[in-house]
Amino acid sequence: MRRYDNEELDRRIQELIGSDFPDRPTSDISIALRVADFMESRGYTFRMTDQCPKSLSDCLWRAVFIASDAEYVAEDSRPAVAVCAAAVAALEAAEA
């Protein structure tokens, strides 16, 4: 998956989904979860897991969108970024 900075991810979400979402979904998990809801309404299955569940100091979130047999995965220490990056990967693949 291509690496984006947060501003690029936010811009791509706006381009791919539309202007119905508030600005900066990468900065707020509640907005990122609205992105996940949008993806689920498009037929994707969403899964998010804490990759360091027993650690008090380490944090790594894995977001996955699944459509048919394809998985679109992103990991980040910030859950909203992981969700948005995986969504962008799935939507860009659907455009191709």
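This text gives an overview of the structure that appears in the document. The written sequence of each chain sets the order in which its residues are numbered from 1. The model is predicted, so local features are restricted to residues of pLDDT at least 70 and side-chain atom pairs to those at 80 or more, both for listing and for counting; the totals for chains, interfaces and linings are taken over all residues. By convention in this description, side-chain values take in all heavy atoms of the structure and omit both hydrogens and water.

**Comments concerning the packing of helix α2 (residues 29-41) against helix α3 (residues 79-95)**
Lines fitted to C-alpha atoms define the axes, with helix axes restricted to the stretch in contact, and inter-axis angles between N-to-C directions lie between 0 and 180 degrees. In this text, helices come from DSSP runs of H or I with a minimum length of four residues, and strands from runs of E with a minimum of two, each type numbered from the N-terminal end. In the contact formed by α2 and α3, the axes pass within 8 Å of each other and the chain directions differ by 25 degrees. The orientation of α2 relative to α3 falls into the category roughly parallel. The interaxial crossing formed by α2 with α3 has left-handed handedness. Here Ile 29, Ala 32, Val 35, Ala 36 and Met 39 of α2 lie close against α3, whose contacting residues are Pro 79, Ala 80, Val 83, Cys 84, Ala 87, Ala 90 and Leu 91. Orientation labels follow simple angle bins: below 35 degrees gives roughly parallel, above 145 gives roughly antiparallel, 65 to 115 gives roughly perpendicular, and whatever is left gives oblique. Left-handed describes a crossing whose near helix is turned anticlockwise from the far helix through less than a right angle; right-handed describes the clockwise counterpart. Note on definitions: a residue-residue contact is assigned when non-hydrogen atoms from the two residues lie within 4.5 Å.

**Details of the packing of aromatic side chains**
Between the rings of Phe, Tyr and Trp (Trp by its six-membered ring), a pair exists once the centres lie within 6.5 Å; its type follows the angle of the planes, with under 30 degrees stacked, over 60 edge-to-face, and the other angles tilted. Enumeration according to the criterion identifies three aromatic pairs in this entry. Taken together, a centroid distance of 6.4 Å and an interplanar angle of 85 degrees make the contact between Tyr 44 and Phe 65 edge-to-face. Of this pair, Tyr 44 sits in the loop between α2 and β1 (45-50) while Phe 65 sits in strand β2 (residues 61-67); the two residues are 21 residues apart in sequence, bridging distant segments of the chain. An identical accessibility class is assigned to Tyr 44 and Phe 65; each is buried. Judged by centre distance (6.5 Å) and plane angle (70 degrees), the rings of Tyr 44 and Tyr 72 are edge-to-face. Here Tyr 44 is found in the loop between α2 and β1, whereas its partner Tyr 72 is found in strand β3 (residues 70-76), with 28 residues between them in sequence. Per-residue accessibility, obtained with a 1.4 Å probe over protein chains only, is compared with the maximum for each type, and a residue is labelled buried under 20%, exposed over 50%, and partly exposed between these values.

**Things to note about α2**
A rise of 1.5 Å per residue sets the reference length of α2, with its 13 residues, at 18 Å; its end C-alpha atoms lie 18 Å apart and thus fit the reference within 8%. Looking at α2, one finds that the buried residues are Ile 31, Ala 32, Val 35, Ala 36, Phe 38 and Met 39. On an axial view of α2, the arc spanned by its buried residues comes to 155 degrees, and they lie on one face. In this fold, the buried residues of α2 make contact with α1 (6-17), β1, β2 and α3. To estimate the expected span of a helix, subtract one from its residue number and multiply by 1.5 Å. The arc in question is formed by the directions pointing from the helix axis toward the C-beta atoms.

**Observations regarding the sheet that holds β2**
Here, a strand pair is defined by DSSP locating no fewer than two bridges between the strands. Read across the open sheet, the three strands follow the order β1-β2-β3; overall the sheet is antiparallel. Either end of the sheet is taken by a strand with one partner, and the two such strands are β1 and β3. Ignoring strand direction, the axes of neighbouring strands in this sheet form an average angle of 15 degrees. Of the pairings in the sheet, the one linking β1 to β2 comprises six bridges and is antiparallel in character. From the neighbouring strand, Asp 50 faces β2, where its bridge partner is Trp 61. Across the face of the sheet, α3 comes into contact with β1, β2 and β3 while running at roughly 150 degrees to β3.

Geometric descriptors of this kind do not, in isolation, establish any biological role.
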